[in-house]
Every structure is written in structure tokens, then in C-alpha cells.
Amino acid sequence: MPTVDDILEHIGEFNFFQKQTFLLLALLSAAFTPIYVGIVFLGFTPDHRCRSPGVAELSRRCGWSLAEELSYTVPGPGPEGQAFPRRCRRYEVDWNQSALGCVDPLAGLAANSSLLPLGPCRHGWVYDTPGSSIVTEFNLVCTNSWMLDLFQSAVNVGFFIGSVGIGYTADRFGRKLCLLITILINASSGVLVAISPTYTWMLIFRLIQGLVSKAGWLIGYILITEFVGLSYRRTVGIFYQVAFTVGLLVLAGVAYALPHWRWLQFTVTLPNFCFLLYYWCVPESPRWLISQNKDAKAMKIIKHIAKKNGKSLPASLQSLGPDEEVGEKLNPSFLDLVRTPQIRKHTLILMYNWFTSSVLYQGLIMHMGLAGSNIYLDFLYSALVEFPAAFIILVTIDRVGRRHPWAASNTVAGAACLASVFIPEDLHWLRVTVACLGRMGITMAYEMVCLVNAELYPTFIRNLGVLVCSSMCDIGGIITPFLVYRLTNIWHELPLVVFAVVGLIAGGLVLLLPETKGKTLPETIEEAENMQRPRKNKEKMIYLQVEKLDTPLN
């Protein structure tokens, strides 16, 4: 009985229908960008200082420039190791008193301004920015700065919970229904984030966005890989991730044009409502319909695909069978991931690499937002290097293999982070170049772990292995905001040192994994355990058996 892959060989593995569907779902991938890394612009923290009543009036009366006003009325940097004292402390001075002069107004109060008592910012802050962000609107600075970390961590908590549940719901209720529901909830909660009156409500709606947005992105990935033929599946999967990179470029342009966070959030959210039109444009996966014994509906969709591709469906392919033969049913268990030595090693290394990829990818983007240079250009440059990363993967995985390019990409990312620590600030072009090199490295590592994860597990625990290992990606995303923003307060380059260590260790660990280029996917635990051993004799034996079986048919 023919499978869907057999039929696609006749009606087109990547023809007009698949190309059209890919473009539609690629838009979905691009729209996920603002949720994943939008914190760079939504949570931008500009230079700020305590608001002191009377300072503005005194500055106008004396005709001070901004530099003079800061010099006279804002405390200095303070002792080394003290986190941004001029941003979070103010002189305990009544600036409305008439005795204050225009030349060094604090001279009459103390011989040295450093002797004056300092107090907290009781009257809020002044922000040096023409726009706004959630930081400036809700004053997420100084003692409240952890609330910005929590905002980004909340969306990653949503990613984690949503990703765990999406495998069951998409298999139980179908890809298309789950896709449309996640799109509707994502778009609605995104709008509610933009109109949230308080930080608490904004946090709740952002968590809801996280619950459904990554799940929707994953469903789109599943759908497009199930619509195309086997030979195109890997390439389409990589280009689906390239669409996310296109979203990065668009996000940089939109954020530059709309420096106010509420308008930016509205603008990047509203297009999601257009994706509800996919109800009429994107059919259900015929593979899922067959798994649910809905062969008639599956055949109707297959005929629609054939018609769109300008092909005819042969009468011999009018009946359908499952993609995989049903054999002895094995129930997967979490213990299967750690019970045997080689699979246990694979699991631990893959979990660490998923964690590393998430921490470095999101961390480098967040750290860039704190660099103090042109955030829009830096974001654009670092996004552009993701295109050659995808190209290098496509060129090398079937020629060089997986393991060495993967290890090299992690090593390059770690080395770039370490090098950035020692590059002086005045060599901005070199810092940007090295940062882009690191970004390209971790992008390659991220895409490689997605590819290799499924190739190291036997069939009956493959989905479970990918699910458990990739969950560390979201755990890393939860930790990263606290890692970046808290360590930056101690030393601006300290997060890069941590990233370097984590990345270099990941590169070394990858070399302990077996090479999967040219190897069939393991079917049993025994095959997975023996992946690192030579299999030449077994391959010759299998070839001879096939040759003998084929001889009478010829």
C-alpha cells in the first residue's frame, strides 16, 4: 500500500502547492521574531538619572547646558564595583532654595560634593531618549530592574510549557486546528500587551503569548515538513528558520521607525490576525489524517495538491497506507534516555548544547542592547550574518558531516565572546565584526542541534528525546535575562566571559558524539548504542542480502 511519500514522488515533492504553502508558513516564522527577541527594543534601557524637583527650574534660570546640569546636580560614578550610582542615587538637596548659585551650586553646602548625603530616587527618573520602552514607562531600573528580567523570563516559561503540550495537542486534534487557535490567542494577547495599564497585566499577557507563540511556530514547522517530499524536508526546515532571520531584519526597521514601545508592539502583532486566513489557504496534513484513519479526507487533500501542482494521481495510488509499518509497539520512557551508556551520553551532551545555544543566542542579542552604541545598526548587522550561517550548513552537512562543523561553530562563538572582552571600546568596527562572527557561530550551532538531535535516537524514543533535550532551550531562555542584566551590573563584559566558557565547553563535548552523515536513523537501542563503532561488515552483509533478494525479480 503506497505511503504519502510514494504519492508525492508522482504529484510533486516541492512544486507549486508546496512552494505556496512554504511562503505562507514562512511568514508565520518571521512573525515569531518580535516575541523571541523583541525585548531588545521593547525593554531598551536608556541612560537615566534621578528626577530632582527644582533642578530643571535652576538649570533654566542659570542657562546651563545638559552637560553642566549633569556635572552640578548628578552624583559621580562612585567607587568601583558600585552599580551605576549616578543612575540610582541623588543628592539629598533642596534644589528650590534660593541660596544656590549658578556656578558650582553645591560648593556652599560642602567642601566636596562627594561628602554630601545621597538618597534613593523618590521622585522617579529622567530618561535620555526620544522614545519610550517598558523600562521608561514602568520605571524598571535600579531596585526594580529585576522586573525587566522577569518580563523576558515569563515568555520563556510560556515557551517551555507550550512546547511540552503542543506535541500531544497537535497529534490529538490536528495540526491545522491547533495552528489557528495558537494564532488567535497569540494575536489577541499581543494586542493586550500593548494596551496593558500596569506591569502586572503586561506580564500576564506576555506569558500567554509565550504559551502559544512558539507552539504555533513549531506547528508551522511540522506542517511544511509533512507537505514536502522526503528529499526536500531538511532543506525546507532550514529555510523555515531562515524566514525567522528575515523577521529580524524587518523588526530592526520597524523598531527604528517606531521608537515608542506600545506602537511597536501593536505594529508587530496586528499582522498575526491575517494568519487566520490560513483556514482557507492551508489544508490539514494528510499524514496526520492517515494516522487518525481518515483516509478519505487525506485522499481529498492529496488530490487537491496534485491539482495545484498540475499533476494527475495514478489509479494505483488511490489507496493509502501509513508512512511506517506497524510492528511491535514499544512504550517510550524517560528512563530510556539515560538507561544505556551511549544514549545517556548523547542525552546529556544534547541537553547541554540546547541550553548553550539558547543562552548564547538570546544572551548576545540582549547584551548588544546594553552596549550603548547604535542598537538598530548593530542588530541589523548581527542578523545579516545568519544568512551565511544557513548557507554554510547546507553546503557542509552532506559533504563534511555534522560533528566537526557543529563543534567549530560552538568554538567560534565562544572564542568570539572571549575576544570581545579584550577589544577596546574605540575599535567599534572590530567589536562589531567579532560580535557578528560569534552570532554566526551560535546560529549555526542552534540549527545543527535541531538537525542532529533526531538522528541520535532510536525510532521509538526519537520524539521523546527531541522534546526532553530541546526543553533545555527554554530553561536557558528563562535564566538568560537574569544572567545578562545582573552580571552586567557587576562588570559590563562579565556575561561575555560566561558565554565564552559555556560555548567552548559545548564545542568540546560535541566531539564526543558520533558522526551521523551517511548513516541511517537507528531503529533500536542497540543500533543507537553502536553508532560510534564501525559498521562496514554489517553494511556489506545487508547489501548482499538485498542483492540476492533482487536477483529473481530481474
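Residues numbered from 1 in each chain as written. Predicted model: local features only at pLDDT ≥ 70, side-chain atom pairs only at ≥ 80, totals over all residues. Heavy atoms only, no water.

The name given to the chain in an unreviewed UniProt entry is Solute carrier family 22 member 2, with the source organism recorded as Balaenoptera musculus. What the UniProt record of the chain gives under Sequence similarities (unreviewed entry) is the line "Belongs to the major facilitator (TC 2.A.1) superfamily. Organic cation transporter (TC 2.A.1.19) family." (UniProt positions renumbered as here; feature names shortened; annotations may be inferred.)

A. Here's a closer look at the overall build of the chain. Each helix and strand counted, the chain has 26 helices and four strands in total. A burial count over the chain gives 50% of its 554 residues as buried. Considering only residue pairs separated by 6 or more positions, the chain has 81% of its internal contacts joining residues 24 or more positions apart. Per element, the accessible surface of the chain, about 26,200 Å² overall, is 65% carbon and sulfur. (Helix = DSSP H or I, 4+ residues; strand = E, 2+ residues; numbered from the N terminus. Buried < 20%, exposed > 50% of the residue type's maximum accessible area, 1.4 Å probe, protein only. Contact = heavy atoms within 4.5 Å. Areas by Shrake-Rupley, 256 points an atom, 1.4 Å probe, with all protein chains shown as cover.)

B. Expanded view of a nonpolar patch on the surface. Nonpolar side chains collect at one region of the surface, where Tyr168, Phe173, Leu177, Ile181, Leu184, Ile185, Leu270 and Phe273 lie side by side and expose about 740 Å² of accessible area between them. Put simply, the parts of the chain that give the nonpolar patch at least two residues each are α9 (146-173) and α10 (175-194). Considering each element in turn, the nonpolar patch owes the most residues, four residues, to α10. Position of Leu177 among the secondary structure elements: in helix α10. With relative accessibility at 45%, the residue Leu177 sits in the partly exposed group. (Patch = residues over 30% accessible without salt bridge, like charges linked within 9 Å, V, L, I, M, F, W, Y side chains within 5 Å. Salt bridge = Lys/Arg side-chain N within 4 Å of Asp/Glu carboxyl O.)

C. Geometry of the side chain of Lys176. Relative to the elements of secondary structure, Lys176 occurs in helix α10. It turns out Lys176 is buried and unbridged, and the closest side chain with the opposite charge, Glu284, is 7.5 Å from it. Leaving out residues up to four positions away in the same chain, Lys176 has contacts with Tyr278, Tyr279, Val282, Pro283 and Glu284. (Lys, Arg positive; Asp, Glu negative; His and termini not counted.)

D. Fine view of unusual backbone geometry. A positive phi is found at Asn139, a non-glycine position, where the angle reads about 55°. Counting through the fold element by element, Asn139 comes out in the loop between α8 (134-138) and α9. Looking at Asn139, the relative accessible area reads 25%, which means it is partly exposed. The backbone of Asn293 sits at a positive phi, close to 60°, despite the residue not being glycine. Structurally, Asn293 can be placed in the loop between α16 (286-291) and α17 (295-308).

E. Spatial organisation of the packing of aromatic side chains. Tallied over the entire structure, the rule returns 23 aromatic pairs. Geometrically, the ring pair formed by Phe32 and Phe159 is tilted, given 5.6 Å between the ring centres and 55° between the ring planes. Residue Phe32 is located in the loop between α2 (16-31) and α3 (33-37), and its partner Phe159 is located in helix α9; the two are separated by 127 residues in the primary sequence. No difference in accessibility class separates Phe32 from Phe159, as the two residues are buried. When the ring of Trp64 is compared with that of Tyr72, the centres are 5.0 Å apart and the planes differ by 55°; the resulting orientation is tilted. On the basis of relative accessibility, which here comes to 11%, the residue Trp64 falls in the buried class. Through pairs of rings, three or more aromatic residues link up here, namely Phe32, Tyr36, Phe159, Trp217, Tyr221, Tyr240, Phe244, Trp354, Tyr361 and Tyr446. (Phe/Tyr/Trp six-rings, centres within 6.5 Å; stacked < 30°, edge-to-face > 60°.)

F. Representation of helix α24 (residues 494-510) in the model. End to end, α24 covers 25 Å across 17 residues, agreeing with the expected 24 Å (1.5 Å per residue, within 8%). Of the positions making up α24, those classed as buried are Pro495, Leu496, Phe499, Ala500, Val502, Gly503, Ala506, Gly507 and Val510. (Expected span 1.5 Å × (residues − 1).)

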